[in-house]
Amino acid sequence: MGKRVLVKFSGEALASENGYGIDTSILKFIASEIKSLVENEIEVGLVVGGGNIIRGVSAAKEGIIKRSSGDYMGMLATVINAVALQEALEYNGIKVRVQSAIKMEEICEPFIVRRAIRHLEKGRVVIFAAGTGNPFFTTDTAATLRAIEIGAQMIIKATKVDGVYDKDPNKFADAKKLDRLTYEDAMNDNIRVMDDTAIALAKDNSLPIVVCNMFEKGNLLNIINGDFSKASIVTNS
Ligand code: GTP
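Residues numbered from 1 in each chain as written. Predicted model: local features only at pLDDT ≥ 70, side-chain atom pairs only at ≥ 80, totals over all residues. Heavy atoms only, no water.

Q: I keep staring at the overall build of the chain and nothing clicks. Help me out?
A: Summing up its helical and strand segments, the chain has 8 helices and 11 strands in all. Radius of gyration (C-alpha) of the chain: 17 Å, near the 18 Å computed for a compact globule of 237 residues. With respect to the three principal axes, the spread of C-alpha positions in the chain is 50 × 50 × 35 Å. Burial statistics for the chain: of 237 residues in total, 49% are counted as buried. A fraction of 72% describes how many contacts in the chain between residues 6 or more apart in sequence connect residues 24 or more apart. Averaging the locations of the 29 positively and 30 negatively charged side chains of the chain gives two centres separated by 3 Å. (Helix = DSSP H or I, 4+ residues; strand = E, 2+ residues; numbered from the N terminus. Rg over C-alpha atoms; globule rule 2.2 N^0.38 Å. Buried < 20%, exposed > 50% of the residue type's maximum accessible area, 1.4 Å probe, protein only. Contact = heavy atoms within 4.5 Å. Lys, Arg positive; Asp, Glu negative; His and termini not counted. Charge placed at Lys NZ, Arg CZ, Asp CG, Glu CD.)

Q: Whenever I open this one, the site of the ligand confuses me. Can you help?
A: Around the ligand lies a shell formed by Arg97, Glu105, Glu106, Ile107, Cys108, Glu109, Pro110, Arg115, His119, Lys122 and Arg124. At 2.6 Å from a nitrogen atom of the ligand is found a main-chain nitrogen or oxygen belonging to Glu105. Cys108 places a polar main-chain atom, nitrogen or oxygen, 3.1 Å from a nitrogen atom of the ligand. Within the complex, 52% of the 620 Å² of free accessible area of the ligand lies under protein. Elements with a contribution of two residues or more to the shell around the ligand: β4 (109-110) and α4 (113-121). Split into classes, the residues belonging to the shell around the ligand amount to 3 nonpolar, 1 polar and 7 charged. (Near = heavy atom within 4 Å. Polar contact = N/O pair within 3.5 Å; in protein donor to acceptor, adjacent residues only side chain to side chain. Areas by Shrake-Rupley, 256 points an atom, 1.4 Å probe, with all protein chains shown as cover. Nonpolar A, V, L, I, M, F, W, Y, C, P; charged D, E, K, R; others polar.)

Q: Is there a simple way to explain the nonpolar core in this structure?
A: Among soluble globular proteins, nonpolar side chains are generally buried collectively. If you look at the biggest cluster of nonpolar residues, it comprises 43 residues, and the most contacted ones within it are Val7, Phe9, Ile34, Leu46, Leu89 and Ile156. Here this core takes 7 residues from helix α3 (residues 67-91), the largest share from any one element. Residues in contact with Leu89, not counting those within four places in the same chain, are Ala31, Ile34, Leu46, Ile94, Val96, Val125 and Ile127. Membership of the second largest hydrophobic core comes to 25 residues, among which are Ala143, Tyr183, Ile191 and Val193. (Core = buried A, V, L, I, M, F, W, Y, C linked by side-chain atoms within 4.5 Å.)

Q: Even after reading the chapter, I still don't get the pairing of strand β5 (residues 125-129), so can you show me in this structure?
A: As a general feature of sheets, a regular strand has side chains that alternate between the two faces. Within β5, 5 of the 5 residues are buried, which leaves it mostly tucked inside the rest of the structure. By the alternation rule, side chains of β5 split into Val125, Ile127 and Ala129 and Val126 and Phe128, which are all buried. Sheet topology places strand β2 (residues 43-48) next to β5; 3 bridges connect them, and they run parallel. The partner of Leu46 across the bridge, within β5, is Ile127. (Pairing = 2+ DSSP bridges.)

Q: Teacher, can you tell me more about the pattern of salt bridges here?
A: As a working rule, side chains carrying opposite charge can pair if their charged atoms are close by. Per the counting criterion, the structure on display carries 15 salt bridges. Ionic pairing is found between Lys217 and Glu33, a salt bridge with its closest N-O pair at 3.6 Å. Here Lys217 is found in the loop between β10 (209-213) and α8 (219-224), whereas its partner Glu33 is found in helix α1 (residues 24-39), with 184 residues between them in sequence. (Salt bridge = Lys/Arg side-chain N within 4 Å of Asp/Glu carboxyl O.)

Q: Please clarify how the pairing of β2 should be interpreted in this entry.
A: Counting buried residues along β2, 6 of its 6 residues qualify, which places the element largely inside the surrounding structure. With 6 bridges joining them, strand β1 (residues 4-9) and β2 adopt parallel strand pairing. Among the inter-strand pairings, Val7 is bridged to a residue of β2, identified as Leu46. With respect to chirality, the unit in which β1 leads through α1 into the neighbouring parallel β2 is right-handed. (Right-handed = clockwise from strand over helix to strand, strands pointing away.)

Distances and angles like these do not, on their own, reveal function.
Pasting the structure below:
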């Protein structure tokens, strides 16, 4: 089997400078990075968050919108981002399919894992939308779940930071980047690479989690080729 990865982008990273909506120049950048993976015969699954549009937890903060409804609103937000990303990839000449965990067949395919794998085998990028389809789960958990289901060799969490630090690098000048972590380290409250559910799922299935800066050109390809110098990796050892 060739290389297969799942890349998770945060919704927030798609936002323009005001922190809201979708910035097409960011979409273009992501599309060119993904294109370089496809050109190198890497099979790519994508998950994108929805934080640039709405977050379940924040929507429910005042107690008017129930948390579960807020989470469903967030899942819909990920579909909006997935469709935008689909267009940007296709505009760049990449074959792509969107599959949603919640059926909305006028917009995209339903999630069917065996079909997703066929798409990947045919060189198509598959974007998994609507999270896990359930409230109370994050898109990080959805991304980890999909990574395991499609048999990805790693999940890459593409963020706005270079990797994982021992403390917040925006607040502490002496914050140190951690190159390698165990799953237990990753669950530490100060670090929290992902939520505990996602990390536990990755740990149970020995799925490496790589955290990197999505805006570092060429980094995704380097990581997949084994160069983790501009990333942090979470594994068993
Ligand atoms: P192959 O069977 O490998 O050829 O895959 P394919 O995805 O090209 O074939 P299919 O005929 O299943 O799909 C053709 C197009 O319709 C693709 O762009 C799919 O994403 C899209 N499509 C397939 N099923 C659905 C669906 O349930 N809803 C929506 N909106 N589009 C779909």
